[in-house]
Amino acid sequence: MLWEAIKLALRTIRRNVLRSILTLLGIVIGVASVIALVTLGEGTTTKVTADLAKLGSNMLIIRTGGNAPGPPQANEGRSFTSRDVDALRAGVQNVRGISPSANKQVNTVYGANADNVTVTGAEPVFFTVQDWSFAQGGPFTDAEARGGDAACVVGETVRREILAKDDVLGETLRVGTMPCRIVGVLAAKGQSAFGSDQDQVIVMPLRTFHRRIAGNTRISTIAISTNTADDMAPAQAAIAEILRDTRRVARGAEDNFSVRDMTQLASTLSSTSGVMTGLLSAVAAVSLLVGGIGIMNIMLVSVAERTREIGIRLAIGALGSQVLTQFLVEAVVLCLLGGLIGIALGLGLARLGATLLDVPYNVDLGTVLMSFGFSGLIGLVFGFFPARRAAQLDPIEALRHE
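Okay, so let's go over this structure.

The rules behind the values
Residues numbered from 1 in each chain as written. Predicted model: local features only at pLDDT ≥ 70, side-chain atom pairs only at ≥ 80, totals over all residues. Heavy atoms only, no water. Phe/Tyr/Trp six-rings, centres within 6.5 Å; stacked < 30°, edge-to-face > 60°. Buried < 20%, exposed > 50% of the residue type's maximum accessible area, 1.4 Å probe, protein only. Helix = DSSP H or I, 4+ residues; strand = E, 2+ residues; numbered from the N terminus. Pairing = 2+ DSSP bridges. Salt bridge = Lys/Arg side-chain N within 4 Å of Asp/Glu carboxyl O.

## Observations concerning the packing of aromatic side chains
At step 1: Taken as a whole and judged by the stated rule, the model has three aromatic pairs.
At step 2: Aromatic side chains Phe-127 and Phe-134 sit 5.2 Å apart centroid to centroid with 55° between the ring planes, which places their arrangement in the tilted category.
At step 3: The partly exposed category is assigned to Phe-134, whose relative accessible area is 24%.
At step 4: Aromatic pair Phe-127 and Phe-140: ring centres 5.6 Å apart, planes at 70°, arrangement edge-to-face.

Shown next as structure tokens:
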């Protein structure tokens, strides 16, 4: 009985191909939009999490300025000092490393190539804290850092675009007015979660940076990497207590520094991405309801067109339940076809979007199955009223219908 109803439904759809296509268009668009948006949202969340992981594991970032949104304040009165760093090294336990650093955009020249590059002054432990690995060479030594030597480590973008050669160890790069000997090339990390190129960087000893590049002894950032994730909360509390003391923050006054947990930041960004994906998917799902209304409308038209056919079936002994099943199955089959086409279109759009946005192509099977099931439910709900109307037709009146 059910199989006969399905075959009849498919025959009716084939008989009115154009009308059927236009009818299921709303379902197709709705399903495709939901699948594409959810897939791209999952990919974006994965990429953000991975990008933040590249910044370092179990890492706390301490910057000057309060916790207000926006860039940190970097005026001299709020800059960190070596006294702050020494106090943190003495007071914070269970850490892999504590790395003070300062940054400045500097014009960098090699031969005929030149560009503005972010130059970072740091200590050798910087590479451990930031989880940097090396494509060539290695970090500058503790002796070079203490002596303020002109040794530097370059990022992959600097090697590719400014040096423009494969083997660059021992080459001399002019950073500002200072010649700097290259001792290492960092492995590529790519774009950060905030859109900046992490590989367009030059790292040199902090003492060299202060003397030859910055002309001052300011420290704008202190990065601390703990041994385990469980050590982060105690370390964060200890950092706040130590810095409030060394920076003489009055009791009850707001901190003039901020301590950011990269794990919490990753969780916040992932949560935000999930909320946005959910909202966009909800908007896209509205087209499924619009498609359902279209299904109801076309089924009502179909009942009106086939009134005489329904009357004949009822007159020769068909039950009202059989007529109801026939039209209900027709609506469900139409919606499920729209769901299948929408799934194929949505996955294709998601693949294209993932390629263009450079995010992972993460297909959520649950979302695909839910969209397919929901399209069938739309057919069931919006097809019931026209099917019930067909089943309740009076055979005599239906046979008289022209």
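## Notes on the pairing of strand β10 (residues 257-261)
At step 1: Burial runs high along β10: four of the five residues are buried.
At step 2: Pairing of strand β1 (residues 59-64) with β10, which is carried by five bridges, proceeds in the antiparallel orientation. Counted as the bridge partner of Leu-60 is Asp-261 from β10.

## Concerning the pattern of salt bridges
Any two side chains of opposite charge can pair, on the condition that their charged atoms come close.
At step 1: One pass over the full model with this rule turns up nine salt bridges.
At step 2: Between Asp-84 and Arg-247 there is a salt bridge, with its nearest N and O atoms 3.7 Å apart. Note that Asp-84 is positioned in helix α3 (residues 82-91) and Arg-247 in the loop between α8 (232-246) and β10, a separation of 163 residues in sequence. The exposure classification of Asp-84 matches that of Arg-247, with both residues buried.
At step 3: The shortest N-O distance in the salt bridge between Asp-131 and Arg-96 comes to 3.2 Å. Here Asp-131 is found in the loop between α4 (125-129) and β4 (134-137), whereas its partner Arg-96 is found in strand β2 (residues 95-110), with 35 residues between them in sequence.

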